[in-house]
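Spelled out from the first residue to the last, the chains are:
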Amino acid sequence: MPVSRSIRSGFLAAASIAAMALAGCSTTDTFEQPAPLPEIDERVEFDRVWSMSVGDGHDGEFLHMAPLYAGDTLYAASADGEVVAVQSENGELIWEQDLDERLFAGPGADARQLYLASRNAELIALSSEDGSEQWRASLPTEVVAAPQSNGSLVVAQTTDGRVIGFDAGNGDQLWQYDAQVPVLTMRTGAAPLVGGDVVIASFANGRVIALTAAAGQPVWQYEVGQPQGRTELERLVDIGGQPLVLDSAIMVAGYQGKLALVDIPSGQEIWSKPASSFYSPAIGNGNIYLASANGDIQALRGNDRRELWVQDQLSWRQVTRPAVSGDYLVVGDFEGYLHVLSAEDGSLQGQVKFDSEGIRVPIQVTRDGNLLVYGNGGKLSVLRLEQDD
């Protein structure tokens, strides 16, 4: 499934049920018993390329602040207001900015600026060159998904279903779209996709909506999940992961919903199948890899979505979205372990304790196949997988 350059260039691109749904719960609260740490015959090891600490990380907050990998430069932020730019190759610090305030989301970026959302409901633009503040704009309520930009438009999505477009040059509000969201939602949010002509936003009501970038007017909507059941908990259908762009389509998954491929111009469904996940899938080796809401990891053949294997030894360990690195998948869990799986059959190949406060944001893969990992406690590392001979 190759990614179209024309479409992709336009987009700058689980916790358990109880822990994700209830904002007051800690990241280790769960109504299900997590599977014990599996004992495995390790065949793959982690080799550290570089490592550093970014403030206090999520600092005890249930946040999803992920580092932003931009080729030669990497940007990261912490809940206690530290923002850094480092060289991706060696972790050497380029600049550091202490905002002296709590942050809830970011960084997002375009070619000139970084964008973050503060606990005080402000959208903050920083220069990507030196971290200096460029402007601020007020938000109506909190934002927990990274603001996104196409260079001229910055889009922030609030937890109460508002999608707001700002002028990237000065922070002036340009438009606002309001969606209805359920009373009970998960404290997570999918970052919007912002293209030159269209903005694609995902909501806690289980819908994906395309808006015009110029005015925020709806173009189409697609239902990933339909609320069912008597209680608000049973009716949760949140979409927690930013849709994955593939050619002229997006692939998206929802909690208690489905995994679907949707045509971007029309919003028409190309295919779908039942699924429940807090993250969008990963693609590699011609297959689709999905971390289910219960912690099981499954592989589907890309051309017909036939199930190839399921790895259930990590059930209810609140695993992250799989990262595909060569012949392996890597996920993190709530106890801070990294797990390596064979992409071919799902067997566990290696594990290591990374951050005692857990790992919530998905691992990213650099252009040379290394792994970018950010733990809840603020540990930021680039790791390399090495086969144990």
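Quick note: structure is the one above.
Residues numbered from 1 in each chain as written. Predicted model: local features only at pLDDT ≥ 70, side-chain atom pairs only at ≥ 80, totals over all residues. Heavy atoms only, no water.

What is the right way to read the overall build of the protein chain from this model?
Within the protein chain one finds two helices and 32 strands. Across the 389 residues that make up the protein chain, the buried fraction comes to 57%. Total accessible area on the protein chain stands at roughly 15800 Å², and carbon and sulfur atoms take up 41% of it. (Helix = DSSP H or I, 4+ residues; strand = E, 2+ residues; numbered from the N terminus. Buried < 20%, exposed > 50% of the residue type's maximum accessible area, 1.4 Å probe, protein only. Areas by Shrake-Rupley, 256 points an atom, 1.4 Å probe, with all protein chains shown as cover.)

For this particular structure, what's the right way to read the sheet that holds strand β30 (residues 364-365)?
An order of β1-β32-β31-β30 is seen for the four strands of this open sheet, with the pairing classed as antiparallel. What marks the edges here is a single partner per strand, and that holds for β1 (44-53) and β30. Two elements, β30 and strand β31 (residues 371-374), share two bridges in a ladder whose sense is antiparallel. Within β31, the position partnered with V365 by the bridge is L371. (Pairing = 2+ DSSP bridges.)

I'm lost on the side chain of Q311 in this one. Help?
With respect to the secondary-structure elements, Q311 resides in strand β25 (residues 307-311). Assessed through its relative accessible area of 6%, Q311 is described here as buried. Within the structure, Q311 has its side chain in polar contact with the backbone nitrogen of Q313 (distance 2.8 Å). Apart from the residues lying within four places of it in its own chain, the contact partners of Q311 are G295, D296, I297, L341, G346, S347 and L348. (Polar contact = N/O pair within 3.5 Å; in protein donor to acceptor, adjacent residues only side chain to side chain. Contact = heavy atoms within 4.5 Å.)

Just to check I follow, could you spell out the packing of aromatic side chains for this structure?
Between two aromatic rings, the relevant description is the distance of the centres plus the angle of the planes. Taken as a whole and assessed by the stated rule, the structure comprises five aromatic pairs. Geometrically, the ring pair formed by Y115 and W135 is tilted, given 6.1 Å between the ring centres and 45° between the ring planes. With a gap of 20 residues between them, Y115 in strand β7 (residues 113-118) and W135 in strand β9 (residues 133-138) connect regions that are remote in the sequence. For the pair formed by Y115 and W135, the shared burial category is buried. Over the face of the ring belonging to F354 we find K379, whose NZ or CZ atom lies 4.7 Å from the ring centre. (Phe/Tyr/Trp six-rings, centres within 6.5 Å; stacked < 30°, edge-to-face > 60°. Lys NZ or Arg CZ within 6 Å of the ring centre and 35° of its normal.)

Looking at this structure, how should I read the nonpolar core?
Ranked by internal contacts, the top residues of the largest apolar core, which has 18 residues, are V83, L103, L114 and L126. Examining the composition of this core, we find that three residues originate from one element, strand β6 (residues 103-109), more than from any other. Not counting residues within four places of it along the chain, the set of residues in contact with L114 comprises L68, Y75, V83, W95, G108, A109, I124, A125, L126 and S128. (Core = buried A, V, L, I, M, F, W, Y, C linked by side-chain atoms within 4.5 Å.)

What is the right way to read the pattern of salt bridges from this model?
Between side chains of opposite charge, a pair can form as their charged atoms come close. Counted by the stated rule, this structure contains 14 salt bridges. As a salt-bridge pair, R102 and E61 come within 3.4 Å of each other at their nearest N and O atoms. Here the residue R102 occupies a position in the loop between β5 (93-98) and β6, and E61 occupies one in the loop between β1 and β2 (68-70), the gap between them amounting to 41 residues. Assessed through its relative accessible area of 25%, R102 is described here as partly exposed. The exposure class of E61 is buried, given its relative accessible area of 18%. In the salt-bridge network here, residues are joined through shared partners; they are D59, E61, R102 and R119. (Salt bridge = Lys/Arg side-chain N within 4 Å of Asp/Glu carboxyl O.)

In this structure, what is going on with the pairing of strand β29 (residues 348-353)? I would like to understand it.
The side chains of a regular strand alternate, first on one face of the sheet and then on the other. Pairing geometry for strand β28 (residues 337-342) and β29, over five bridges, is antiparallel. The residue of β29 that forms the bridge with V340 is G350. As consecutive antiparallel partners, β28 and β29 are separated by five residues, and within that stretch G346 has a phi angle of approximately 80°, a positive value.

What's the story with the environment of S202 in this structure? I'm lost.
Tracing the backbone through its elements, the reader meets S202 in strand β15 (residues 198-202). S202 sits in the buried class, given a relative accessible area of 3%. Between the C-alpha atoms of S202 and G240, which are 38 residues apart in sequence, the distance is 8.0 Å. Other than its neighbours up to four places away in sequence, S202 contacts Q157, A190, R207, V208, I239 and P243.

Is there a simple way to explain the sheet that holds strand β12 (residues 162-167) in this structure?
Two modes of strand pairing occur in sheets, parallel and antiparallel, and in both the strands are linked by backbone hydrogen bonds. One open sheet holds the four strands; their spatial order is β10-β11-β12-β13, and the pairing between them is antiparallel. Every interior strand has two partners, whereas the edge strands, β10 (148-149) and β13 (173-178), have only one. Sheet topology places β10 next to strand β11 (residues 153-157); two bridges connect them, and they run antiparallel. Bridging from a neighbouring strand, Q148 pairs with V155 of β11.

Help me out: how do you make sense of the side chain of S315 in this one?
Its location among the elements puts S315 in the loop between β25 and β26 (323-325). Within the structure, S315 has its side chain in polar contact with the side chain of D296 (distance 2.6 Å). Residues in contact with S315, not counting those within four places in the same chain, are P34, A35, N294, G295 and D296.

Would you mind going over the pairing of β12 with me for this structure?
Sheet topology places β11 next to β12; five bridges connect them, and they run antiparallel. By the bridge assignment for β12, A156 is matched with I164. Hairpin remark: β11 followed by β12, antiparallel, with four residues in the connecting loop; positive phi at G161, about 95°. Here β12 runs beside β13; their pairing, made up of five bridges, is antiparallel. Bridged to G165 within β13 is W175. Counting the residues between successive antiparallel strands, the hairpin from β12 to β13 contains five residues, one of them, G171, with a positive phi of roughly 85°.

Could you clarify how one ought to interpret the environment of E45 in this entry?
Mapped onto the elements of the fold, E45 is located in strand β1. Separated by 305 residues in sequence, E45 and G350 place their C-alpha atoms 6.2 Å apart. Apart from residues no more than four positions distant in its own chain, E45 is found in contact with R384, L385, E386 and D388.

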